[in-house]
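What follows is the residue order along each chain.
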Amino acid sequence: MAAAPAAATRPPELATTTPEATAVARKPKPAAPVPRKPAEDQPAAQAQALGGSPAPETKPGAAPDTRVYALNELPDDIRRQLPAITVGGSMYSATKADRILIINGQVLHEGDPIAPDLVLQQIKLKAAVLAFKGYRYGITY
């Protein structure tokens, strides 16, 4: 019996794989684009729409500052400019449209202006997030 050639004894997957085929098989898929929120949903755009100052300076391409500051963490000049507010009551609901906060005798919903440059952004169970001149800060009641 004659010996078979060495190429005939190779497993089929090795015989048909070429460096080009391997490179094509390992080519990564492009990443899907990340959806962005409209400008109206961003705190800086809300503050500017109400005649406020833009948000604190950020580097181009950097994500906007979404941090919620404690009142004592705000810069001194911003704290001095904050209008006085008094919380008279609140109602929290899992449904966003049903949440209310009574500030200075006014019934407010999320997104409502409280005073010039001051917007009620979010109502939580026993807290709220307010936006003032590009800064977001939290209050408790």
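Colleague: Outline the sheet that holds strand β3 (residues 100-103), listing residues and values.
Modeller: Within the open sheet, the 3 strands sit side by side as β2-β3-β4. Their pairing is antiparallel. Across the chains shown, the open sheet's two edge strands, defined by having one partner strand only, are β2 (87-91) and β4 (106-108). Strand-to-strand twist of the sheet, defined as the mean angle between neighbouring strand axes without regard to direction, takes the value 20°. As paired strands, β2 and β3 are joined by 4 bridges and run antiparallel to one another. Opposite serine 90, over in β3, you have leucine 101 as the bridge partner.

Colleague: Describe the nonpolar core, listing the residues and the values that go with them.
Modeller: Ranked by size, the top nonpolar core spans 17 residues in total, and within it Leu74, Ile114, Leu120, Leu130 and Tyr137 carry the most contacts. Apart from residues no more than four positions distant in its own chain, tyrosine 137 is found in contact with Val68, Tyr69, Leu71, Leu74, Leu82, Leu118, Ala128, Val129, Leu130 and Phe132.

Colleague: Lay out the pairing of strand β8 (residues 135-140) in plain terms, naming residues and giving numbers.
Modeller: With 3 bridges joining them, strand β1 (residues 68-70) and β8 adopt parallel strand pairing. Paired with alanine 70 across the strands is glycine 138, a residue of β8. Bridge count for strand β7 (residues 127-132) against β8 is 6 bridges, and the pairing is antiparallel. Considered in β8, the bridge of leucine 130 is made with tyrosine 137. Linking β7 to β8, which pair antiparallel, is a turn of 2 residues; within it lysine 133 sits at a positive phi near 50°.

Colleague: Help me get a handle on the environment of glycine 138, residues and values and all.
Modeller: Within the element layout of this structure, glycine 138 appears in strand β8. Residue classification places glycine 138 among the partly exposed residues on the basis of a relative accessible area of 27%. Aside from chain neighbours lying at most four places away, what touches glycine 138 is Val68, Tyr69, Leu71, Ala128 and Val129.

Colleague: Let's hear about the sheet that holds β7: which residues, and what values?
Modeller: Sheets are built from strands paired through backbone hydrogen bonds, the pairs being either parallel or antiparallel. Spatially, 5 strands are ordered β1-β8-β7-β6-β5 in an open sheet, and the strand pairing comes out mixed. Of all strands in the sheet, those bounded by a partner on one side alone are β1 and β5 (113-115). Each neighbouring strand pair of the sheet contributes to a mean axis angle of 40°, computed without reference to strand direction.

What counts as what
Residues numbered from 1 in each chain as written. Predicted model: local features only at pLDDT ≥ 70, side-chain atom pairs only at ≥ 80, totals over all residues. Heavy atoms only, no water. Pairing = 2+ DSSP bridges. Helix = DSSP H or I, 4+ residues; strand = E, 2+ residues; numbered from the N terminus. Axes fitted to C-alpha atoms, helices over the stretch in contact; angles between N-to-C directions. Core = buried A, V, L, I, M, F, W, Y, C linked by side-chain atoms within 4.5 Å. Buried < 20%, exposed > 50% of the residue type's maximum accessible area, 1.4 Å probe, protein only. Contact = heavy atoms within 4.5 Å.

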